[in-house]
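Residue-level listing of the chains:
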Amino acid sequence: MKIGILALQGAIREHRNLLRRLSIETVDVLNPDDLDGISGLILPGGESTTVGKLLVRYDLLEPIAALGRKGLPILGVCTGLILLSKHINNSEQYRLNLMDTYVERNAFGRQLASFEADMSIPVLGDKPFHTVFIRAPYINKVGDNVKVLLSDEGKVLFAEQDNLLAVAFHPELTDDTRVHEYFLNKINNFSEQ
Amino acid sequence: MSEINKKTGTFAVKTGLAEMLKGGVIMDVVNPEQAKIAEEAGAVAVMALERVPSDIRAQGGVARMSDPEMIIGIQQAVSIPVMAKARIGHIIEARILEALAIDFIDESEVLTPADDVYHILKSDFKVPFVCGARNLGEALRRIGEGAAMIRTKGEAGTGDIVEAVRHIRRVNEEIQRVLGATPMELMTIAKELDAPYELILQVKGLGRLPVVNFAAGGVATPADAALMMELGCDGVFVGSGIFKSDNPAKRAKAIVEAVAHYKDAKLIAEVSKGLGEAMRGQSVAQMDDKDKIAGRGW
């Protein structure tokens, strides 16, 4: 199994290192050819306007969207959560248009509002997950087909829709591999179908 | 989740933002219009300042923190992070920038230092700081004070990349020295590099600097930016190089692409076509020492 990591901009090596610890092979995705033969794709955190523009300039937006529609498992982190979404409040920025989610960018405010906290995420087991939110977005509304895995005061922070997984915090900035393992399980389940 | 549980302004949250900027370009802008051009070109952040370094050089005088009104105008114009510069050691300028909810403060040698002995104790702040460094010891002293991000100093406002190259090579060589040393040798190395011993141990454990390290000071072309990435920088600051060139929008976009694809020479050749004249600049080798600003910082 080989997992692609969109490597245009952002926290790329953290995902690479985390997957390496789980003995998973990764490939940096910079051009459409890099998508060949991957079993799943990670859209890492970074600056969503930058990544969106580069996706378009390098003809990656439509190929990734097409793979997503065909069922390729995709994990979108922070910026990735924004890119996966169909609806972004107050923004015309480029997106993959895959998940039935309504997203608010920089929803907690500027950097001073960035925070870390232990949160209980039932699908990941009993032990709380140490979440790190950096100028994070959240989802304020979801469609019927979206399963909410973590929410707080009406803010959806972790959600799933069929082959797609969107997370507002940064599991790659911790040593906890459980979000990535959840994603890998998803890939295994999808390939069995 | 209880609100009490949430921790803001921690070192992890500060370095977290720096991690998200990796592989990106941070551009100096002096007004909202330039900020919009930078965002449109794909900048990951903008640095709001009143005069770009080449103008500070040309006009002389004391260079200070920018007018808050101008900073707020830029914050309102773009959705990407906004950084701003405080003078070395100027605690109050830094507090003002924090009060403006700036996303990152650059305690910068490009401005005229306010304190010629001490730097700001950056761990006292909730907002993250970036600082310039010419070598590993300087980088680790700044991290020791709480900096969440490092950049090469280069020689700002010259358009000459040679100093930035010198600084990243120096940092890389000194990291290699730490990695090659036995535990017994590390205290003496810390002493020789003027670096905090605990942070030398961290470098040894991690195999790299404990925080993100960007290039700055002299980047003028897409090729310059890609060179700094090739030498191991995590991203690039471009100061005077964009808005002092013939076609800022096109050059800005080209530099963004060259950084994202720095190993792809064909692509860099393509984006480097027809950019018009780069900033004229000045060769650092021809400059008097008194005109160099990289020496500011203690």
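Residues numbered from 1 in each chain as written. Chains lettered and ligands numbered in written order. Predicted model: local features only at pLDDT ≥ 70, side-chain atom pairs only at ≥ 80, totals over all residues. Heavy atoms only, no water.

(A) A look at the overall build of chain A. The secondary structure content of chain A amounts to five helices and twelve strands. Here the C-alpha radius of gyration of chain A, 15 Å, is about what a compact globule of 193 residues would show, namely 16 Å. Expressed as lengths along the three principal axes of its C-alpha atoms, the size of chain A is roughly 40 × 40 × 30 Å. Counting the 193 residues in chain A, one finds 61% classified as buried. (Helix = DSSP H or I, 4+ residues; strand = E, 2+ residues; numbered from the N terminus. Rg over C-alpha atoms; globule rule 2.2 N^0.38 Å. Buried < 20%, exposed > 50% of the residue type's maximum accessible area, 1.4 Å probe, protein only.)

(B) Region of the structure containing the state of the cysteines. All names here are of chain B. For the coordinates displayed, the defined rule picks out zero disulfides over all chains. There is no disulfide at Cys 131, and the cysteine sulfur nearest it, in Cys 233, is 16 Å away. On the basis of relative accessible area, Cys 131 is assigned to the buried category, the value being 1%. (Disulfide = S-S within 2.5 Å.)

(C) Up close: the pairing of strand E10 (residues 147-152) of chain A. Note: E10 of chain A against strand E11 (residues 155-161) of chain A, five bridges, orientation antiparallel. What sits directly across from Lys 147 of chain A, in E11 of chain A, is Glu 160 of chain A. (Pairing = 2+ DSSP bridges.)

(D) Quick peek at the confidence of the model for chain B. Of the residues in chain B, 99% have a pLDDT of 70 or more, and the chain-wide mean is 96. Both scores are given for the predicted complex: the pTM is 0.96, the ipTM 0.96. (pLDDT = per-residue confidence, 0-100.)

(E) Spatial organisation of the packing of aromatic side chains. Enumeration according to the criterion identifies ten aromatic pairs over all chains in this entry. Consider the rings of Phe 115 of chain A and Phe 133 of chain A, whose centres lie 4.6 Å apart with planes at 15°: the pair is stacked. Pair noted here: Phe 115 of chain A is in strand E7 (residues 115-119) and Phe 133 of chain A is in strand E8 (residues 129-133), with a separation of 18 residues, a long-range link. Neither residue differs from the other here; Phe 115 of chain A and Phe 133 of chain A are each classed as buried. Positioned above the aromatic ring of Phe 115 of chain A, the side-chain terminus of Lys 6 of chain B is 4.6 Å from the ring centre. (Phe/Tyr/Trp six-rings, centres within 6.5 Å; stacked < 30°, edge-to-face > 60°. Lys NZ or Arg CZ within 6 Å of the ring centre and 35° of its normal.)

(F) Representation of the interface of chain B and chain A. The interface of chain B with chain A comprises 43 residues on the first partner and 37 residues on the second. Its salt-bridge partner being Asp 234 of chain B, residue Arg 13 of chain A comes within 3.4 Å of it at the nearest N-O pair. If you look at where chain B meets chain A, you find 21 residue pairs in polar contact (both at pLDDT 80 or more). Counting only elements with at least two residues in the side of chain B that touches chain A, the list comes to strand E1 (7-8), helix H1 (11-21), helix H2 (32-41) and helix H12 (248-260) of chain B. With eight residues, H1 of chain B is the largest single contributor of residues to the side of chain B that touches chain A. Its residues placed into classes, the side of chain B that touches chain A shows 17 nonpolar, eleven polar and 15 charged. In this sheet, E1 of chain B lies alongside E7 of chain A in antiparallel orientation, the contact comprising two bridges. Paired with Phe 115 of chain A across the bridge in E1 of chain B is Thr 8 of chain B. (Contact = heavy atoms within 4.5 Å. Salt bridge = Lys/Arg side-chain N within 4 Å of Asp/Glu carboxyl O. Polar contact = N/O pair within 3.5 Å; in protein donor to acceptor, adjacent residues only side chain to side chain. Nonpolar A, V, L, I, M, F, W, Y, C, P; charged D, E, K, R; others polar.)

(G) How the structure looks around the sheet that holds strand E4 (residues 82-87) of chain B. Residues and elements named next belong to chain B. As summarised here, the arrangement of the eight strands in space is E8-E7-E6-E5-E4-E3-E2-E9, forming an open sheet in which the pairing is parallel. The open sheet is flanked by strand E8 (212-214) and strand E9 (236-238), the only strands paired with a single partner. Pairs of neighbouring strands in the sheet enclose a mean axial angle of 30°, with direction left out of account. As paired elements, strand E2 (residues 25-29) and E9 share three bridges and run parallel to each other. Its bridge partner lying in E9, Ile 26 is registered against Phe 237. The strands touched by H1 are E2, strand E3 (45-48), E4, strand E5 (104-108), strand E7 (149-152) and E8; relative to E5, the strand with the most contacts, the crossing angle is about 90°. (Axes fitted to C-alpha atoms, helices over the stretch in contact; angles between N-to-C directions.)

(H) Examining the sheet that holds E8 of chain A more closely. With respect to topology, three strands assemble into an open sheet ordered E8(A)-E7(A)-E1(B), the strand pairing being antiparallel. In this open sheet, the two strands that pair with only one neighbour each are E8 of chain A together with E1 of chain B.

(I) Structural context of the side chain of His 180 of chain A. Note on placement: His 180 of chain A falls in helix H5 (residues 178-192). If we ignore the near neighbours within four places in the chain, the residues touching His 180 of chain A are His 15, Leu 18, Leu 19, Leu 22, Ile 42, Leu 75, Pro 171 and Glu 172 of chain A.

(J) Broad picture of a nonpolar patch on the surface. Residue and element names in this part refer to chain B. On the surface, Ile 91, Ile 92 and Ile 96 cluster together into a nonpolar patch covering about 230 Å² of accessible area. Tracing the backbone through its elements, the reader meets Ile 91 in helix H5 (residues 91-99). Classification of Ile 91 by relative accessible area gives partly exposed; the value is 41%. (Patch = residues over 30% accessible without salt bridge, like charges linked within 9 Å, V, L, I, M, F, W, Y side chains within 5 Å. Areas by Shrake-Rupley, 256 points an atom, 1.4 Å probe, with all protein chains shown as cover.)

(K) Here's a closer look at the pattern of salt bridges. Summed over all chains, the structure comprises 36 salt bridges over all chains. Between Lys 155 of chain A and Glu 153 of chain A there is a salt bridge; the shortest N-O distance is 3.9 Å. Looking at Lys 155 of chain A, the relative accessible area reads 18%, which means it is buried. For Glu 109 of chain B, the salt bridge goes to Arg 151 of chain B, with nearest N and O atoms at 3.0 Å. Of the two residues, Glu 109 of chain B sits in the loop between E5 and strand E6 (129-133) while Arg 151 of chain B sits in strand E7, which places them 42 residues apart along the sequence. Overall, the relative accessible area of 3% leaves Glu 109 of chain B in the buried class. Taken together, the shared-partner salt bridges connect Arg 13 and Glu 14 of chain A together with Glu 19, Lys 22 and Asp 234 of chain B into one network.

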